[in-house]
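# Breakdown of the fold
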Amino acid sequence: MSYSDSPQQQPPWPQPGQPPAGQPPAWHPPHGGSPPGGQPRRGPVWLIPIAVVLSLAMMTTVVWASDSVVENIFGGPQPESVLPASSMAFAKADFKPTGAQLAAYGQFYSKLPDSVVEETGPQDQSFAEPLVTEMMPGVDFATEVEPWLGRRFGVSLWPTDAPEAMLSSNEGVSMAAAVAVTDEAQARESLTEIQRDSDFAFEVRDGFALLSGNEAALDDLVAQVRNHGTLDSNPDYLSDMDTTGDDNIASAWMDMNRWYEWISVSTSGEVPEELMAGMPEFTGRLVLALRIEADYMQLRGDLLDFTFDGEPYEQLQSDQAGISALEELPANTVLGFGGGGLDQMARQAWQANRETLESLEGFAQFEEGLGALGISLPGDFTGLLGTRTALGFTELSAGSDGWDTYGSMSQDLFHYRAVGADQQMISELVNAIASGNYSEPPTVTGDGDAVLVYNESPGTGTLGEDAHFQTTMVGLEQANLGYYMKVAPFAEQSGMADADQWGAIGGAVDYNTDSDVSINLRWAPSGGR
């Protein structure tokens, strides 16, 4: 099963507002907030940085990318039009948005937490300025770079047998960057001046400045293009990028077949044969894409035609959608995971790794303990997990120093829901686990065709009715696995004054019969300016 960013059917919840046509709304910096009183508790810094890093890296470019709407900012060449089809890895950033993208950027920016906006720096600063200043301290960005600098950038690595073109740190591979230019003559003049005090080679043509470590690398780039064509003529690249859709602000692509071949050749004779023999073989291609919609920022990854040690992932396919399992968790869930066909996946993983499991210390006792309860794995995974499974927490225990220290699970408030599971089997297992761990065992009960296990009354409402959940999951309804986290409780524990503006993080995993795996991660902030 596969999915796209646009759902194939109407989701069971209202669609979030779409960006209006025309220009984006005016953006105003937030008023500063006062920090909470007292010494802030240490918080789970690792829970929030994905959202922070992505927003800081990209939102500083939003106004910069939009300040030339009067120019011809739509369309134009892409970096892959000048880099080789033989690339084994390629990444690009595209800050030349369409009108619809600009409107979406404006709406998303208005939802960012105050603390994130304050950290983005001057809104009219090019993201390239601090990079150029750091790498070339003697270069005046405003006069020597900015006048000709375009808004598209790409970098490519390709295998080569030309010794002088190789990177000094990697045998058998060369690299070049393509920087879009708005004035080729001015770019050529400035780069010639900069080159006098820097060690690099460049060539300006076809709307780009091609940069590399030396002239040999640029010559090899020309040879690669002559022999293999440009990347935008590579059929695998074109079809792979179609999976992520258009309007990505940044993307990356890797041909793992070429990458594995290069590793095998470049390490030949340097790595012991027995170690090389034990290295797993992987094939396929990887695509990453970052995009900004009006309501969320999304990082998507796709593994295409992927195999690991010769084993395809097509065996993971299931007709059970996983998001619906999450929907039925309580409305006050702060952390949840759910999936369809987890029983099938568990059986496959168990059978594929049986020898490894049997070699683990204590495995025999584990099987014996389950057997005493009448449970036999892998056959009874459906009885334990059902065909659609979800686990959610409405409250997580915290240590005295905040979320850095977790209490035992007996202190956490959780809800487990398994459609099609065996209530008697689960009840016996829960009672056995609860003995000595809980003062009162969790409740095991039935709800239609589902088995519920919880240590707090579910209350009223479901997670599927929550606005944050709806925003992070829209368009992902048919995915096999889903995950969700409401960020506010964790931000509060971190002592953040704008905790209520951090919204939620959610996403999904999907796999299909073509041995493709797709992973989505979304952040939907809830600030308002």
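So, here is what we can say about the structure in this document. (Residues numbered from 1 in each chain as written. Predicted model: local features only at pLDDT ≥ 70, side-chain atom pairs only at ≥ 80, totals over all residues. Heavy atoms only, no water.)

Counting its regular elements, the chain contains 19 helices and 17 strands. Burial status across the chain gives 47% buried among its 529 residues. Counting only contacts in the chain whose residues sit at least 6 apart along the sequence, the fraction spanning at least 24 positions is 73%. When the accessible surface of the chain is split by element, carbon and sulfur atoms take 53% of a total near 24900 Å². (Helix = DSSP H or I, 4+ residues; strand = E, 2+ residues; numbered from the N terminus. Buried < 20%, exposed > 50% of the residue type's maximum accessible area, 1.4 Å probe, protein only. Contact = heavy atoms within 4.5 Å. Areas by Shrake-Rupley, 256 points an atom, 1.4 Å probe, with all protein chains shown as cover.)

Attention now goes to the pairing of strand S16 (residues 504-511). In terms of burial, S16 is a largely internal element, eight of the eight residues being buried. In S16, alternate side chains face the same way, and those of Ala504, Gly506, Ala508 and Asp510 on one face and Ile505, Gly507, Val509 and Tyr511 on the other are all buried. As defined by bridge partners, strand S15 (residues 481-486) adjoins S16 across six bridges and the pair is classed as antiparallel. Bridge pairing in S16 places Lys486 opposite Ala504. Across eight bridges, the pairing between S16 and strand S17 (residues 517-524) is antiparallel. If you follow Tyr511 over to S17, its bridge partner there is Val517. (Pairing = 2+ DSSP bridges.)

Attention now goes to the nonpolar core. Core analysis: the biggest nonpolar cluster contains 59 residues, and Val145, Leu149 and Ile426 have the highest contact counts within it. Counting residues per element, this core draws most heavily on helix H3 (residues 99-111), which supplies four residues. Grouped together as the second largest cluster of nonpolar side chains are 18 residues, Val82, Ala178, Leu231 and Trp253 included. (Core = buried A, V, L, I, M, F, W, Y, C linked by side-chain atoms within 4.5 Å.)

Moving on, we get to the packing of aromatic side chains. This model, assessed by the stated rule, comprises eleven aromatic pairs. Pairing Trp350 with Phe363 gives two aromatic rings, centres 5.6 Å apart and planes at 45°, and the pair type is tilted. In this pair, Trp350 is assigned in helix H13 (residues 342-352) and Phe363 in helix H15 (residues 363-372), connecting sequence segments 13 residues apart. Within the aromatic cluster, the residues linked to one another by ring pairs are Trp350, Phe363, Phe366 and Phe381. The ring of Tyr296 is capped by Arg522, whose NZ or CZ atom sits 4.2 Å from the centre of that ring. (Phe/Tyr/Trp six-rings, centres within 6.5 Å; stacked < 30°, edge-to-face > 60°. Lys NZ or Arg CZ within 6 Å of the ring centre and 35° of its normal.)

For H13, the full list of buried residues reads Leu342, Asp343, Ala346, Gln348 and Trp350. Structurally, H13 contributes buried residues whose contacts are with strand S10 (335-340), helix H14 (354-359), H15, helix H16 (381-385), strand S11 (388-395) and S15.

On to the environment of Tyr296. With respect to the helices and strands, the residue Tyr296 is situated in the loop between strand S7 (282-292) and strand S8 (297-308). On the basis of relative accessibility, which here comes to 8%, the residue Tyr296 falls in the buried class. For the pair Tyr296 and Ala524, spaced 228 residues apart in the sequence, the C-alpha separation amounts to 4.3 Å. Among all residues touching Tyr296, those that are not within four sequence positions of it are Phe108, Arg291, Thr471, Val474, Arg522, Trp523 and Ala524. Here Arg522 takes part through its side chain, which lies 3.3 Å from a polar atom of the side chain of Tyr296. (Polar contact = N/O pair within 3.5 Å; in protein donor to acceptor, adjacent residues only side chain to side chain.)

In this section: the pairing of S17. The element S17 is largely enclosed, with a buried count of six among its eight residues. Direction of pairing for S8 relative to S17: antiparallel, over a ladder of seven bridges. Within the sheet, the bridge partner assigned to Leu303 lies in S17 and is Val517.

This part is about the environment of Val145. Considering the arrangement of structural elements, one finds Val145 in helix H6 (residues 141-145). According to the relative accessible area criterion, Val145 is buried, its value standing at 6%. Along the backbone, Val145 and Ala187 are 42 residues apart, and their C-alpha atoms lie at a distance of 7.6 Å. Residues contacting Val145, with those up to four places away along its chain left out, are Val132, Val139, Asp140 and Ile194.

For the rest of this paragraph, the subject is the pattern of salt bridges. Side chains that carry opposite charge are capable of pairing whenever their charged atoms lie near each other. In total, this model carries 17 salt bridges according to the counting rule given. Glu184 serves as the salt-bridge partner of Arg188, at 3.9 Å between the closest nitrogen and oxygen. One end of the pair, Arg188, and the other, Glu184, are both in helix H7 (residues 184-195), four residues apart, so they sit about a helical turn from each other. On the accessibility criterion, Arg188 (36% relative accessible area) is partly exposed. Glu358 is paired through a salt bridge with Arg354; the nearest N and O atoms lie 2.7 Å apart. (Salt bridge = Lys/Arg side-chain N within 4 Å of Asp/Glu carboxyl O.)

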